[in-house]
Amino acid sequence: MPNEKDLPGPAVRLVGSSVQGLSTAEVAQRVAAGQTNAFVQDTSRSVWSIIRANVLTLFNGIILACFIVLFAIGRWQDALFGFSAVANAVIGSVQEYRAKRALDRLALLNAPHARVMRASSEEEIALDDVVLDDTLVLRAGDQVPADGVVTGSRGLQVDESMLTGESDAVEKENGDRVLSGSVVVAGEGSAVVDRVGADSFANSLAAEAKRFSLVASELRSSIDRVLKWVTWFVGPVALLVLNAQMIAQGGWTEASASGAWRDAATATIAAVVAMVPLGLVLMTSITFAVGAVKLARQQVLVQELPAVEGLARVDIICLDKTGTLTQGDIVFDAAHPLAARPGWESVLSWYGVQKDANATARSLNGHFNQPAGQPLDRVPFSSARKWSAVIFDDGMWVLGGPEMVFPERNPRDPMLQQLATQAVELAATGRRTLVLAHGTPTDDETVPADAVPVVLLTFKENIRPDAAETLTYFAAQDVDVRIISGDNPQTVAAIAREVGLDAPHGFDARELPNDDHEFLEVINNNVVFGRVTPDQKKRIVVALKAAGRTVAMTGDGVNDALAIKEADIGVAMNSGAAATKAVARLVLLDGKFSHLPSVVAEGRQVIANIERVSMLFLTKTAYATFLAIAFGILLLPFPFLPRQLSVTDGLTIGIPAFFLALLPNAQRYVPGFLRRSLTFAVPAGVSVTLGLASYARLAANLQIPEAEIRTGSTLILTIIGIWILVVLSRPVTRFKGLVIGAMMIGLVLVYSVPIARDFLQFTDPTLPTALLVLGTSVACIALIEIVRFVHRRVAYRDAQEALHHRVTKRVSK
């Protein structure tokens, strides 16, 4: 049975309004007065919001304050981290701006349009070209581009749920208001625009849906949680370190009088700056942005950047058949007469030549050439009844699915029994079936009681060549599939079998139970569902999400819009309805279903690489926090200058992280990103702290000069940092080896080039210092290897538990 996108819409009658619409001069007058619908909202964030997100952050505020203090006390050499923070902000802003421009260009090329009556003819124009007092022509599948008053209605039904929260479609009569952003789900009509642009109720559904937003993302939420924790720790730890440094300089009174407080402040700033994971947010933003741009080159429009991550977490995908598994190009197959009723060829001929005929109706054109007169009336298609009708002088002709036109079969009516049997047999071969019935016109838009099936029509659909391969990929990735369609369940099941799904039969959605538990059992135990209404599609998605599944929904019809909006990840075909594309988070611009594996792969790369990079940054945050606390309690001088930590961070974390975050990575998604990252970062941070605290205490006992202690501490931290980089990069490929090797060369240069040595205040270590550095480094490396071994066991256990959970869900079905 066709859905809204498959049956021809009725001819628009502008009841109660002028059919001429505005003249060219009137349009020009309103454009000159600024009374247009031009209210531009980018598909991604504005330039200001990008800059604000990358610059005006709490951590940047902390860094700026530390930067100002160091300049004020004349220690500008230790303010290198300030330039690093600026570089981070600039790089992040530039990367996100480049992604924004790419997405904006794609969205502009694929923007929805509006239909209006102007100068006695129907025109299709851009949304922002609609002007005040324009007469809108509204049909099923359209977004309402601006607020208006209905001036003509023929079964016009509008879904305003995405604006008002009410899920039921609203009937619109003359004089009723329609709101921008709402969706026409049935019927046809016209409306005169009375509010445009910024004055409209919702600007438009497309603009709202395409606006950049931080959707539910495990990566972002986990990182935000870490940032919140660090924010709470920074203040108290800074006071603890400052107190220890003042005491180490001879006490508060003496340090204040002698000017040694400057050294104490510098050491405190070094501790505070090290705690801030500046690059982690930057790397996440860059990885999302680069992923979106890479997918854009493959004709996948990412309307919300975290959706790149989202599809990698999906464990069940719901597909609409038409336009997703099939190409949506309907081919007329055959007519199977059931009753000797003249005139049916003329009716089908009339359907095929309508100017607004869709693929199903157009496929009839050329097969039935008998001319038909003008109809007396029409009954538009609606999602509830799933049939349409046209009334000629000889009676009412109803076109729809056999079981929808004749839902209650009379067992003693041989014609209806023949219809049912033949329809089932044809549907089982994968053909789509419609019945054309004839009866006496009714007054309440119902199938005539005396309706008689006249002819059974069959249609074929071309299956997408990439459908089977894509579904095979999802099966290999343990992603379950559900086909939910408005068509005959047996027809859908036959097509599902052709693309390799195990679907011996299709479930008729009219038999879905009302009880939520029973409903979920049916969804779990069946693969194919036919005769599904838009509300049922939405209910299926909601039920799966409530059961803990991460759901993706693909489709192209207006009847898919609600389900796509409810899904964790909504995917629309660019050939689909504007309303559907507006609420989707991903749009396949060339309509190729085969792009979905690329999206999944890109999402997995994002998740896996950010997890690896986050362990680098979180390890630094962990050891910086523990070091600050340990040296604050032990009342020892902090063993680093800020400039020394800046160099160490760059060589062991900042520079290599940039490359590691963009490497290919096909690792499967396993829940628990933050737990796994902290499982490594916290013990590794403790190991580094134990090593450096022991080194500092032993060096102090040996009365090694402070400058030499700092040199040894920086050397230890750099060696351990590079080793952590090696551990987290395993298996070390040629490219990773080049990155690690370059960092080692950088380390050698920092310690050997005189200018760098002098600037960083490095000294040549004596034998005791060299032995302490070597022993501490070896001990810490051994501890890091133990931590990594335990961490890998935890990660393996998480993966096994996730696999067991998936298997349990499959068995429970």
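Residues numbered from 1 in each chain as written. Predicted model: local features only at pLDDT ≥ 70, side-chain atom pairs only at ≥ 80, totals over all residues. Heavy atoms only, no water.

Let us look at the overall build of the chain. Of regular secondary structure, the chain possesses 29 helices and 21 strands. Relative to all contacts within the chain whose residues are 6 or more apart in sequence, the contacts with residues 24 or more apart total 74%. Total accessible area on the chain is roughly 32,500 Å²; 59% of this is exposed by carbon and sulfur atoms. (Helix = DSSP H or I, 4+ residues; strand = E, 2+ residues; numbered from the N terminus. Contact = heavy atoms within 4.5 Å. Areas by Shrake-Rupley, 256 points an atom, 1.4 Å probe, with all protein chains shown as cover.)

Our next topic: the sheet that holds strand 18 (residues 528-530). The strands that make up a sheet are held in pairs by hydrogen bonds between backbone atoms, and each pair lies either parallel or antiparallel. Strands sit in the order 8-21-20-19-9-16-18-17 across an open sheet of 8 strands; the sheet is mixed. If you trace the sheet from one side to the other, it starts and ends with strand 8 (300-302) and strand 17 (507-508), each paired once. Two elements, strand 19 (residues 551-555) and strand 20 (residues 569-573), share 4 bridges in a ladder whose sense is parallel. Across the sheet, the residue bridging to A552 is I569, located in strand 20. Running at roughly 145° to strand 21 (residues 586-588), helix 23 (residues 596-634) makes contact with strand 8, strand 9 (316-319), strand 19, strand 20 and strand 21 of the sheet. (Pairing = 2+ DSSP bridges. Axes fitted to C-alpha atoms, helices over the stretch in contact; angles between N-to-C directions.)

This part is about helix 2 (residues 47-55). What helix 2 keeps buried is the set S49, I50 and N54. The arc that holds every buried residue of helix 2, seen down its axis, measures 125°, which confines them to one face. (Buried < 20%, exposed > 50% of the residue type's maximum accessible area, 1.4 Å probe, protein only. Arc of directions from axis to C-beta.)

Note on placement: T268 falls in helix 9 (residues 261-275). Judged by relative accessible area, T268 falls into the buried class, the value being 8%. Non-local contacts of T268, meaning those with residues more than four positions away in its chain, are made with A238, V241, L242 and Q245.

Our next topic: the nonpolar core. Counting 125 residues, the largest nonpolar core has L311, L586 and F638 as its most contacted members. The element that contributes the greatest number of residues to this core is helix 23, accounting for 16 residues. Dropping the residues within four chain positions of it, L586 is found in contact with V300, L301, V302, A307, L311, I569, G570, V571, A572 and V599. Ranked by size, the runner-up nonpolar core spans 27 residues in total, among them C318, I523, I540 and I564. (Core = buried A, V, L, I, M, F, W, Y, C linked by side-chain atoms within 4.5 Å.)

Let us look at the pattern of salt bridges. Side-chain pairs of opposite charge can arise whenever the charged atoms involved come near each other. All chains considered together, the criterion is met by 19 salt bridges. When the shortest N-O distance is used, the salt bridge between K294 and E602 registers 3.4 Å. You can see K294 sitting in helix 10 (residues 278-297) and its partner E602 sitting in helix 23, a full 308 residues away along the chain. By relative accessible area, K294 is classed as partly exposed at 27%. (Salt bridge = Lys/Arg side-chain N within 4 Å of Asp/Glu carboxyl O.)

This next bit is on unusual backbone geometry. R730 connects to P731 through a cis peptide bond whose omega is -5°. Residue placement: P731 occurs in the loop between helix 26 (706-729) and helix 27 (734-752). A positive phi is found at D133, a non-glycine position, where the angle reads about 75°. Mapped onto the secondary structure, D133 falls in the loop between strand 2 (121-126) and strand 3 (135-139). Its identity as a non-glycine residue notwithstanding, Q703 has a phi of 55°, on the positive side. If you trace the backbone, Q703 turns up in the loop between helix 25 (673-701) and helix 26.

All right, on to the packing of aromatic side chains then. This structure, assessed with the given rule, holds 11 aromatic pairs. Between F332 and F459, the aromatic rings sit 5.8 Å apart at their centres with planes inclined by 75°, giving edge-to-face as the arrangement. Linking F332 in strand 10 (residues 326-337) with F459 in strand 15 (residues 452-463), this pair joins segments that are 127 residues apart in sequence. Accessibility assignment for this pair places F332 and F459 in one class, buried. Ring centres of F658 and F659 lie 5.9 Å apart, and the angle between their planes is 90°; on these two criteria the pair is classed as edge-to-face. The positively charged end of R539 is found above the aromatic ring belonging to F519, 3.7 Å away from the centroid. (Phe/Tyr/Trp six-rings, centres within 6.5 Å; stacked < 30°, edge-to-face > 60°. Lys NZ or Arg CZ within 6 Å of the ring centre and 35° of its normal.)

Before going further, it helps to examine the pairing of strand 20. Here strand 20 lies mainly inside the structure; 5 of its 5 residues are buried. Of the two faces of strand 20, the one carrying I569, V571 and M573 and the one carrying G570 and A572 are both buried. Summarising the sheet, strand 20 and strand 21 pair through 3 bridges and their orientation is parallel. The residue of strand 21 that forms the bridge with M573 is L588.

Inspection of the entire model under this criterion finds 8 cavities of 30 Å³ or more. The computed volume of the largest cavity comes to approximately 70 Å³. Every residue along the wall of the largest cavity is listed here: L616, T619, Y623, T652, I653, V688, L717, I720, G721 and I724. The element contributing the most residues to the lining of the largest cavity is helix 26, with 4 residues. Split by residue class, the lining of the largest cavity holds 7 nonpolar, 3 polar and no charged. (1 Å grid on protein atoms, 1.4 Å probe; cavity = no way out; pocket = protein on both sides within 12 Å on 5 of 7 lines; lining within 4 Å. Points joined across faces, edges and corners; volume = space filled by probe spheres on them. Nonpolar A, V, L, I, M, F, W, Y, C, P; charged D, E, K, R; others polar.)

Right, let's talk about the environment of G570 for a bit. Along the chain, the position of G570 falls in strand 20. Overall, G570 belongs to the buried group, its relative accessible area being 1%. Along the chain, G570 and I317 lie 253 residues apart, while their C-alpha atoms are 9.7 Å from each other. If near-sequence neighbours (up to four positions away) are discounted, G570 is found in contact with M553, I564, A584, R585 and L586.

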